[in-house]
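The chain contents come next:
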Amino acid sequence: MAPKKQAAKNDENKEEFMGNEDLQQKLRGKTELSPSSSNLLSPSTTPKSSGEKSLDADGSNGQNNAVLAELSNSPLSVFLGTFKEAKTQWVARQVIIMISILYRLGVGLGEYSGFGNPPMFGDFEAQRHWMEITLHLTRNNWYWYDLQYWGLDYPPLTAYHSWLFGYFGSKINSSWFELDTSRGCEDPDLKSYMRLTVVLSELAVYIPAVSMFVRWKVKSLRLSPLYHSIASAAILFQPALIIIDHGHFQYNCVMLGFTLLAITNILQDRLVVGSIFFVLSLSFKQMALYYSLPIFAYLLGLCIFPRLNLLRFISLGVSVVLTFSVVIFPMFLYRGVGGFSGIFTQLQQIFIRIFPLQRGLWEDKVSNVWCTMNTIVKLRLMFNSSELQRISAICTILAILPALVILFLHPRKNILIWGLSVSAWGFFLFSYQVHEKTVLLPLLPVTLQLADNPSANVQSHIYWINNVAMFSLWPLLKRDGLVMQYFVIIFLWNWLMESFSKLPDTLFGKLIILSSYSAIVLLHIFEMFVPAPGQYPDIYVLANITLCCGCFGLFLIWNYSQLLQAVKTKTA
């Protein structure tokens, strides 16, 4: 066949892939998924050689198209199949975004953190209060004002974000944000406005970041255009972020969106732009530090290997310093700043508020190593705060150090997201001052693998750990009155992706996933029908954190196996 005709035929095959049953059957018979890609605890798998990554006749990767064929019967794929006649998938992607917004608005109809629970209420009141103080106080007072009542404890970009929405909200109803007198305001219209601010924040940062990442990944892997919509839906419908930001109430989508923009730009070799976005992420929420060490190791490796690139190193350093300076500079634009000593005092106070080390190893009940160990070993009685900080720091570094070394010595695109995932899980399990909502940070790079490596075996682990993470949030969500939302969005996400039909190839992997799911179901049933005994009122919460911590630890080990396998794979 002539080259031009062959090219035209290839394009036709790409567009019609999901709608052509004969082609799907052909690909099913032609390709075969490697069972080694999901060996739960064994890194000793044989990587594919570079020759096995050749493209099929239709110009796409055979293994990935086989995955698409497997997905063709899922409810999400059946729905998106209605767009198969379109010349592009743009309409399908916009429909996915609109549905995801409706999804979030539906969750937002429920209650929120601290509703009807004076005197401190909860995170909803904290976010509203920060709008109140940034709107009425000069910037030099933002980090000093009435610290016992939800004092501002996030970096300046969060403060500017609060001021912006506080300003527009005060134009609608000034009583929502009156200084001091508005505390505990539970006006239904205020709730609607605050819910809208989260949606707008997500539309401005997180959703475009997901679209940009998936578009680049689908193009680089030469996947079917329809997979762009499938992968975008899988990431946007991820239940944990939806229920925390739009149910419990926070703005994690901004931090995670900036992080994702940083990752995407770094993967596209726009390193300076990626560094700027990551500084913005850190400047919004300090928890983005979970990603800082692997990103630093990766960028440093790019500056040194295969040869020293001093100009790149300097440009990255300058971009980081300048971006931090631009973010922090407005904090000192007020009368009577007090010269250098005043600036230093203000910076010191901001640092103290952002890193409240005096609070302890964890907040509330969280499924990390320290909280789980504390059930048996009372760490706070054995060690003082300084000792616990050192122990936590040492254990965190030991947990993530191998990944950092790998990223530094092998700064390749195919291992970056695995390295970010290892680091975030290591921080969550071992670091200091962790709360249950922090599980959103390791879930981001994990869920991104649905676009980066969409093999059925890897998908099974990603869906599993997302479901376990949702269960780890159950005590918090139950307290918030979000029981219905919890069950509905878990069901919808798993039903849309047909996740429960996906299991690892290994017997051990199947055993771990099925037994953990069974334990989760049993704990829900027991908690519903069998009251906790009076002498052990937290028995179900402790069972929750113990089970989830064990699952997270196993996933960290499996994550390392995938990182090592990616290192052996001969790709850029």
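Residues numbered from 1 in each chain as written. Predicted model: local features only at pLDDT ≥ 70, side-chain atom pairs only at ≥ 80, totals over all residues. Heavy atoms only, no water.

Caption draft 1: Expanded view of the overall build of the protein chain. Scanning the protein chain from terminus to terminus reveals 25 helices and 0 strands. Among the 572 residues that make up the protein chain, the fraction classed as buried is 56%. Considering only residue pairs separated by 6 or more positions, the protein chain has 78% of its internal contacts joining residues 24 or more positions apart. Carbon and sulfur atoms provide 66% of the accessible area of the protein chain, an area that totals close to 24500 Å². (Helix = DSSP H or I, 4+ residues; strand = E, 2+ residues; numbered from the N terminus. Buried < 20%, exposed > 50% of the residue type's maximum accessible area, 1.4 Å probe, protein only. Contact = heavy atoms within 4.5 Å. Areas by Shrake-Rupley, 256 points an atom, 1.4 Å probe, with all protein chains shown as cover.)

Caption draft 2: Region of the structure containing the side chain of Thr 264. Relative to the helices and strands, Thr 264 is located in helix H11 (residues 252–267). A residue is classified by how much of its surface remains accessible, and Thr 264, at 0% relative accessible area, is buried. Aside from chain neighbours lying at most four places away, what touches Thr 264 is Ala 209, Met 212 and Phe 213.

Caption draft 3: Structural view of the side chain of Ser 182. Positionally, Ser 182 belongs in the loop between helix H7 (156–172) and helix H8 (188–221). A distance of 2.8 Å separates the side chain of Ser 182 from the side chain of Arg 128, its partner in a polar contact. In this view, Ser 182 contacts Arg 128, Glu 132, Ser 175, Trp 176 and Phe 177; residues no more than four positions away in its chain are not counted. (Polar contact = N/O pair within 3.5 Å; in protein donor to acceptor, adjacent residues only side chain to side chain.)

Caption draft 4: Layout of the packing of aromatic side chains. Here the structure, examined in full by the defined rule, presents 30 aromatic pairs. Measuring from ring centre to ring centre gives 5.0 Å for Phe 124 and Phe 249, while their planes differ by 65°; the resulting arrangement is edge-to-face. With Phe 124 in helix H6 (residues 123–136) and Phe 249 in helix H10 (residues 239–249), the pair connects residues that are 125 residues apart, well separated along the chain. Residues Trp 474 and Tyr 486 carry aromatic rings whose centres are separated by 4.8 Å and whose planes lie at 45° to one another, so their mutual orientation is tilted. With Trp 474 in helix H22 (residues 474–480) and Tyr 486 in helix H23 (residues 483–497), this residue pair connects regions lying 12 residues apart in the sequence. Look at Tyr 486 and you get buried, because its relative accessible area is 2%. (Phe/Tyr/Trp six-rings, centres within 6.5 Å; stacked < 30°, edge-to-face > 60°.)

Caption draft 5: Seen up close, the pattern of salt bridges. Summed over all chains, the structure comprises 8 salt bridges. Glu 125 is paired through a salt bridge with Arg 128; the nearest N and O atoms lie 2.8 Å apart. Pair noted here: Glu 125 and Arg 128 are both in helix H6, with a separation of 3 residues, about one helical turn. Its relative accessible area of 0% is what places Arg 128 among the buried residues. One network of salt bridges, with partners in common, ties together Glu 125, Arg 128 and Glu 132. (Salt bridge = Lys/Arg side-chain N within 4 Å of Asp/Glu carboxyl O.)

Caption draft 6: Representation of the packing of helix H9 (residues 225–236) against helix H20 (residues 440–452). At a closest axis distance of 9 Å, the pairing of H9 and H20 adopts a crossing angle of 170°. By the criterion of interaxial angle, the relationship of H9 to H20 is roughly antiparallel. When you trace H9 past H20, the crossing you get is right-handed. For the pair H9 and H20, the contacting residues are Tyr 227, Ala 231, Ala 234 and Ile 235 in the first and Thr 447, Leu 448, Leu 450 and Ala 451 in the second. For the contact of H9 with H20, the class distribution of residues is 7 nonpolar, 1 polar and no charged. (Axes fitted to C-alpha atoms, helices over the stretch in contact; angles between N-to-C directions. Parallel < 35°, antiparallel > 145°, perpendicular 65-115°, else oblique. Left-handed = near helix turned anticlockwise from the far one by under 90°. Nonpolar A, V, L, I, M, F, W, Y, C, P; charged D, E, K, R; others polar.)

Caption draft 7: Representation of unusual backbone geometry in the model. Note that the residue after Pro 118, namely Pro 119, is joined by a cis bond; omega there is 5°. Backbone torsion omega between Phe 305 and Pro 306 reads 0°, so that peptide bond is classified as cis. In this structure, Pro 306 sits in the loop between helix H13 (289–304) and helix H14 (310–328). For Asp 146, which is not a glycine, the phi torsion comes out positive at approximately 40°.

Caption draft 8: Focus on the nonpolar core. Judged by nonpolar contacts, the single largest core of 165 residues is most densely connected at Trp 425 and Phe 552. Leave out the neighbours within four places in its chain, and Phe 552 touches Ser 367, Trp 425, Phe 428, Leu 429, Val 439, Ile 465, Val 468, Ala 469 and Ser 472. (Core = buried A, V, L, I, M, F, W, Y, C linked by side-chain atoms within 4.5 Å.)

Caption draft 9: Structural view of a nonpolar patch on the surface. Together, Ile 304, Phe 305, Leu 308, Leu 310, Phe 313, Ile 314, Val 318, Leu 322, Ile 397, Leu 401, Val 405 and Leu 409 make up a nonpolar patch on the protein surface, roughly 1000 Å² of accessible area in all. Here the nonpolar patch gets 5 residues from one element, more than from any other, and that element is H14. Locating Val 318 in the fold gives a position in helix H14. Given the relative accessible area of 42%, Val 318 is considered partly exposed. (Patch = residues over 30% accessible without salt bridge, like charges linked within 9 Å, V, L, I, M, F, W, Y side chains within 5 Å.)

Caption draft 10: Structural context of the confidence of the model for the protein chain. In the predicted model, the protein chain carries a mean pLDDT of 86, and the fraction of residues at 70 or more is 85%. Low pLDDT, under 50, characterises residues 7–60; the stretch is placed with 104 contacts to residues that sit more than four places away or in other chains. (pLDDT = per-residue confidence, 0-100.)

Caption draft 11: Main features of the packing of H6 against H8. The contact between H6 and H8 brings their axes to 12 Å, and the two run at 85°. Between H6 and H8, the angle is such that the two are roughly perpendicular. Taken together, the residues of H8 that come into contact with H6 (itself represented by Phe 124, Gln 127, Arg 128 and Met 131) are Leu 190, Lys 191, Met 194 and Thr 197. Counted by class, the contact of H6 with H8 contains 4 nonpolar, 2 polar and 2 charged residues.

Caption draft 12: Main features of helix H12 (residues 271–284). A rise of 1.5 Å per residue sets the reference length of H12, with its 14 residues, at 20 Å; its end C-alpha atoms lie 20 Å apart and thus fit the reference within 8%. In terms of burial, H12 is largely enclosed, as 10 of its 14 residues are buried. Considered for burial, the residues of H12 that qualify are Leu 271, Gly 274, Ser 275, Phe 278, Val 279, Leu 280, Ser 281, Leu 282, Ser 283 and Phe 284. Along its buried surface, H12 packs onto H7, H11, H13 and H14. (Expected span 1.5 Å × (residues − 1).)

Caption draft 13: Looking closely at the environment of Trp 130. Relative to the helices and strands, Trp 130 resides in helix H6. Note on Trp 130: relative accessible area 3%, which makes it buried. Each C-alpha atom of the pair Trp 130 and Ser 162 lies 6.0 Å from the other, and the pair is 32 residues apart in sequence. If we skip the residues at most four places from it in the chain, Trp 130 touches Trp 150, Gly 151, Leu 152, Asp 153, Tyr 154, Thr 158 and Ser 162.

Caption draft 14: Geometry of the environment of Leu 196. Mapping Leu 196 onto the fold places it in helix H8. Relative accessible area serves as the criterion here: at 41%, Leu 196 is assigned to the partly exposed category. Measuring from C-alpha to C-alpha, the distance between Leu 196 and Gly 108 comes to 9.1 Å, with 88 residues separating the pair along the chain.

Caption draft 15: Geometry of H8. Compared with the 50 Å implied by 1.5 Å per residue over 34 residues, the 47 Å span of H8 between its first and last C-alpha is a close match. The sharpest bend along H8 reaches about 45° and sits at Leu 203. At the N-terminal boundary of H8, the capping side chain belongs to Asp 187, with an oxygen 2.9 Å from the backbone nitrogen of Asp 189. Among the residues trailing H8, Arg 222 stands out with phi positive, at a value near 55°. (Bend = angle between axes of the 7 residues up to and from the residue.)

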